[in-house]
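Now for the letters of each chain:
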Amino acid sequence: MSYIVLARKYRPQTFKEIYSQEHITQILANAIRTNRIAHAYLFTGPRGVGKTSMARILAKSLNCLNGPSESPCGVCHNCKEITASTSTDVIEIDGASNTGVDDVRDLQRELFYAPSQSLYKIYIIDEVHMLSKNAFNALLKTLEEPPENVIFIFATTEPHKVLPTIISRCQRFDFRRIPADGITARLREISKMEEIVIDDESLYLIARKSDGGMRDALSLLDQILSFAGGEIKINLVQEIFGELPLTMYSNITRTIFEHDPIKLIQYYHEVIDEGIDLIEFINCFTEFLRNLIMLKLSVPLKGLVQDDIDILNDMLESVNTNNLMYMISILIQLKQDLRTSSHPSLLIEVVLLKLSRMEEMENLSEILSRLDNSPDVMLPSTRKQENTNQVSQLEKQETKPLETEEINYVSPKKVKELTKEHLLENWDGFLERLSVQKKLLPIYLKKEYISSVKSDVVFMDFNSAHSYKIVSDAKDELNDYLSKYFDLPIRLITRLVENVQTTVKRNPTLQEIKKTSPELAKLIEITDSIIMQE
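Residues numbered from 1 in each chain as written. Predicted model: local features only at pLDDT ≥ 70, side-chain atom pairs only at ≥ 80, totals over all residues. Heavy atoms only, no water.

Visitor: Please clarify how the overall build of the protein chain should be interpreted in this entry.
Guide: Of regular secondary structure, the protein chain possesses 25 helices and ten strands. A buried classification covers 42% of the 534 residues belonging to the protein chain. The long-range share in the protein chain, meaning contacts at least 24 apart out of those at least 6 apart in sequence, stands at 72%. (Helix = DSSP H or I, 4+ residues; strand = E, 2+ residues; numbered from the N terminus. Buried < 20%, exposed > 50% of the residue type's maximum accessible area, 1.4 Å probe, protein only. Contact = heavy atoms within 4.5 Å.)

This is how it looks when you write it as structure tokens:
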């Protein structure tokens, strides 16, 4: 008899043999026990976690001659045919090869034929997401109301590609990735049955490489057996998987922290000479750094021999957690960049050199702390606060009484009576002298605001309510200052002639528009136009 690979030879045949999917097997077993069988099921999840095996076990449980039973006998005629995929009542269809509407129509014609020797006619469609949209739509009505004793079981690794209308007509079960401990336990059982001598470290490494898929783990074990024979050691498994010894990652990490770029590049060239896949190198290096962090946090590690743990422990004193996490983040980004890079080796070299100089990249918190303590360098928030303080001080100065005695006033040309011409001629000098004590007030004393001068009274008309209020509030001080400057008794009167903030511009009426433009009036009459408020 030809050799049967382990993934087929040890395929689960009952619900109990499916690892780490108890949340699904329990529901299906209870449904069979209580006769609550749905007409359509959708199994979703990663590859190699038991979706198709679960579909076959469900079919055997329903069509077993001693059932329906949650524990099919496996020896009756129906069970044997379903296991061998030769049953005429359990039809397995590859969704990738039957994607069109015509394939669905052929399936629909077959539905009218009753099962030949079983209780149910069961259709298992694998990779159902490969069906076209038209094929899905053609299946909708049949899936919602299938003929009696017909059950559909769909399996897919990409449920997001299945139409929501299809999913809503099925009972959906999401399969989980199998934990490494579960895969290791199953591999240990199979190794004993196959009389394979293999250490626990090798089993755990295989489990980690399988990425949660039992089928992948058994395929890897088959591959290792073909190379190693009946006895398997961890160093041999690492060689088959193309993994570098842990000392190489230790040397690279130590060199990065020692800031020795020449030695670092030499180690990297040794990696290239070994022919190691660069993506796998980055993955293993990232995992090495992760293990260092776990040991720094006193988290126990699984699947490592004592020699590897000793290598990691020897490095704990020379590394710190923050730098390790920074290195991992850089390597994760590097892995994404390698997928689109035309020079992956050069890209890795640059990143390694960058890591060897990471001590030169100062911590942001330290920079901020130094800026806060520096008298010459201010953060934007500090400058904003200082500007606010300056404005407050300036406002306080503006509200102080006018100290005219401290200023040596020099009067302009001596006149007996103040006139508007004399006032306008000397107004700029007045504002310049005023700015010594009142820095902001001269801004609101524009020359055009002076409307008239009668004897000792100066009239100022403002069209700005803001300017009017500022000058009016300081009127007493201005009277004193004007009198001192011109050496005449002067009194200031302020008037608000137009409050621009409250003035509302009125839109012209239709009649006013017609009077303004005869041509426009004619157009309005022809088109029968009206005024619309925008």
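Visitor: Is there a simple way to think about the pattern of salt bridges in this case?
Guide: Pairing between side chains of opposite charge can happen when their charged atoms approach one another. With the rule as written, the count across this model stands at 18 salt bridges. Among the ionic pairs, aspartate 106 bridges to arginine 109, the shortest N-O distance being 2.2 Å. With aspartate 106 and arginine 109 both in helix 5 (residues 101-110) and three residues apart, this pair spans about one turn of that helix. Using a relative accessible area of 51% as the deciding quantity, one classes arginine 109 as exposed. The salt bridge partner of arginine 495 is aspartate 461, with a shortest N-O separation of 2.7 Å. In this pair, arginine 495 is assigned in strand 10 (residues 491-496) and aspartate 461 in strand 9 (residues 457-462), connecting sequence segments 34 residues apart. Of the residues examined, aspartate 461 reaches a relative accessible area of 18% and is grouped as buried. (Salt bridge = Lys/Arg side-chain N within 4 Å of Asp/Glu carboxyl O.)

Visitor: Can you walk me through the side chain of serine 467 in this structure?
Guide: On the secondary structure map, serine 467 appears in helix 22 (residues 465-473). Note on serine 467: relative accessible area 8%, which makes it buried. Not counting chain neighbours up to four residues away, the residues in contact with serine 467 comprise Tyr444, Tyr449 and Phe462.

Visitor: Please clarify how the environment of glutamate 287 should be interpreted in this entry.
Guide: Turning to its location among the elements, glutamate 287 is positioned in helix 14 (residues 278-296). Overall, the relative accessible area of 28% leaves glutamate 287 in the partly exposed class. Separated by 41 residues in the primary sequence, glutamate 287 and isoleucine 328 have C-alpha atoms spaced 8.7 Å apart.

Visitor: Can you help me understand the side chain of serine 356 in this one?
Guide: Of note, serine 356 is situated in helix 17 (residues 344-356). At 2.6 Å, the side chain of serine 356 forms a polar contact with the backbone oxygen of leucine 353. Apart from the residues within four sequence positions on either side, serine 356 is in contact with Ile256, His259, Pro261 and Leu264. (Polar contact = N/O pair within 3.5 Å; in protein donor to acceptor, adjacent residues only side chain to side chain.)

Visitor: Even after reading the chapter, I still don't get the nonpolar core, so can you show me in this structure?
Guide: For soluble globular proteins, the rule of thumb is that nonpolar side chains tend to be buried together. Counting residues in each nonpolar core, the largest one holds 50 residues, and the members touching the most others are Tyr41, Phe43, Ile122, Ile153 and Ile206. In contact with isoleucine 122, not counting residues within four places along its chain, are Ala59, Leu62, Asn63, Asp89, Val90, Ile91, Ile151 and Ile153. Counting residues in hydrophobic clusters, the runner-up holds 43 residues, among them Leu244, Ile252, Val319 and Leu338. (Core = buried A, V, L, I, M, F, W, Y, C linked by side-chain atoms within 4.5 Å.)

Visitor: Would you explain the sheet that holds strand 4 (residues 150-156) in this entry?
Guide: Sheet strands pair via backbone hydrogen bonds, and the direction of the pair is either parallel or antiparallel. The parallel open sheet is built from five strands, whose spatial order is 2-3-4-1-5. Edge strands, defined here as strands with exactly one partner in the open sheet, are strand 2 (90-94) and strand 5 (171-174). Pairwise comparison of adjacent strand axes, ignoring direction, gives a mean angle of 15° for this sheet. Relative to strand 4, strand 3 (residues 121-126) is paired through six bridges, and the arrangement is parallel. When the sheet's bridge partners are listed, isoleucine 125 is paired in strand 4 with phenylalanine 154. (Pairing = 2+ DSSP bridges. Axes fitted to C-alpha atoms, helices over the stretch in contact; angles between N-to-C directions.)

Visitor: Is there a simple way to think about the sheet that holds strand 10 in this case?
Guide: Read from one edge to the other, the open sheet built from three strands follows the order 8-9-10, with strand pairing classed as mixed. At either margin of the open sheet sits one strand with a lone partner, and together these are strand 8 (450-454) and strand 10. On average, adjacent strands in this sheet sit at an angle of 20° to one another, irrespective of strand direction. In terms of strand pairing, strand 9 meets strand 10 through six bridges, oriented parallel. Following the sheet pairing, aspartate 461 is matched in strand 10 by arginine 495.

Visitor: Hey, could you run me through the environment of glutamate 110 in this one?
Guide: As for its placement among the helices and strands, glutamate 110 is situated in helix 5. Among residues more than four places away in sequence, those in contact with glutamate 110 are Lys121 and Tyr123.

Visitor: Is there a simple way to think about the packing of aromatic side chains in this case?
Guide: Describing an aromatic ring pair means giving the distance of the ring centres and the angle of the ring planes. Within the structure shown, the criterion is met by 18 aromatic pairs. An angle of 35° between the planes, with centres 5.9 Å apart, marks the rings of phenylalanine 152 and phenylalanine 154 as tilted. We note that phenylalanine 152, like phenylalanine 154, is buried. Within the aromatic cluster, the residues linked to one another by ring pairs are Tyr249, Tyr268, Phe281, Phe285 and Phe288. (Phe/Tyr/Trp six-rings, centres within 6.5 Å; stacked < 30°, edge-to-face > 60°.)

Visitor: How do you make sense of the confidence of the model for the protein chain when you look at a structure like this?
Guide: Parts of the model with low pLDDT should not have their predicted coordinates read in detail. Overall, the predicted model of the protein chain reaches an average pLDDT of 80, with 83% of residues at or above 70. Summarising per-element confidence for the protein chain, the mean pLDDT is lowest in helix 19 (residues 380-399) (49) and highest in strand 1 (residues 40-44) (93). Across residues 394-409, confidence stays below pLDDT 50; counting only partners more than four residues off in sequence or on other chains, it has 27 contacts. (pLDDT = per-residue confidence, 0-100.)

Visitor: Just to check I follow, could you spell out helix 12 (residues 246-258) for this structure?
Guide: Since the α-helix packs 3.6 residues into each turn, any two residues three or four apart lie on the same face. Between its terminal C-alpha atoms helix 12 stretches 18 Å, which fits the 18 Å expected from 13 residues at 1.5 Å a residue. Looking only at helix 12, the buried set comprises Leu246, Met248, Tyr249, Ser250, Ile252, Thr253, Thr255, Ile256 and Phe257. Along its buried surface, helix 12 packs onto helix 13 (261-273), helix 14, helix 15 (306-315), helix 16 (321-338) and helix 17. (Expected span 1.5 Å × (residues − 1).)

Visitor: What am I meant to see in the pairing of strand 3 here?
Guide: Along any regular strand the residues' side chains alternate between the sheet's two faces. Here strand 3 lies mainly inside the structure; five of its six residues are buried. The parallel pair strand 2 and strand 3 is bridged by helix 5, and the resulting crossover is right-handed. In this region the chain leaves strand 3, passes through helix 6 (residues 133-144) and returns to the parallel neighbour strand 4; the handedness of that crossover is right-handed. (Right-handed = clockwise from strand over helix to strand, strands pointing away.)

Visitor: Help me understand unusual backbone geometry, please; the structure alone is not making it clear to me.
Guide: Note: most residues except glycine have negative phi, and most peptide bonds are trans. Even without glycine at this site, glutamate 127 takes up a positive phi of about 50°. Take glutamate 127: it is sitting in the loop between strand 3 and helix 6. Even without a glycine there, the phi angle at glutamate 195 is positive, about 55°. Relative to the assigned elements, glutamate 195 resides in the loop between helix 8 (180-193) and strand 6 (197-198). Taking the relative accessible area as the measure of exposure, glutamate 195 reaches 69% and is therefore exposed.

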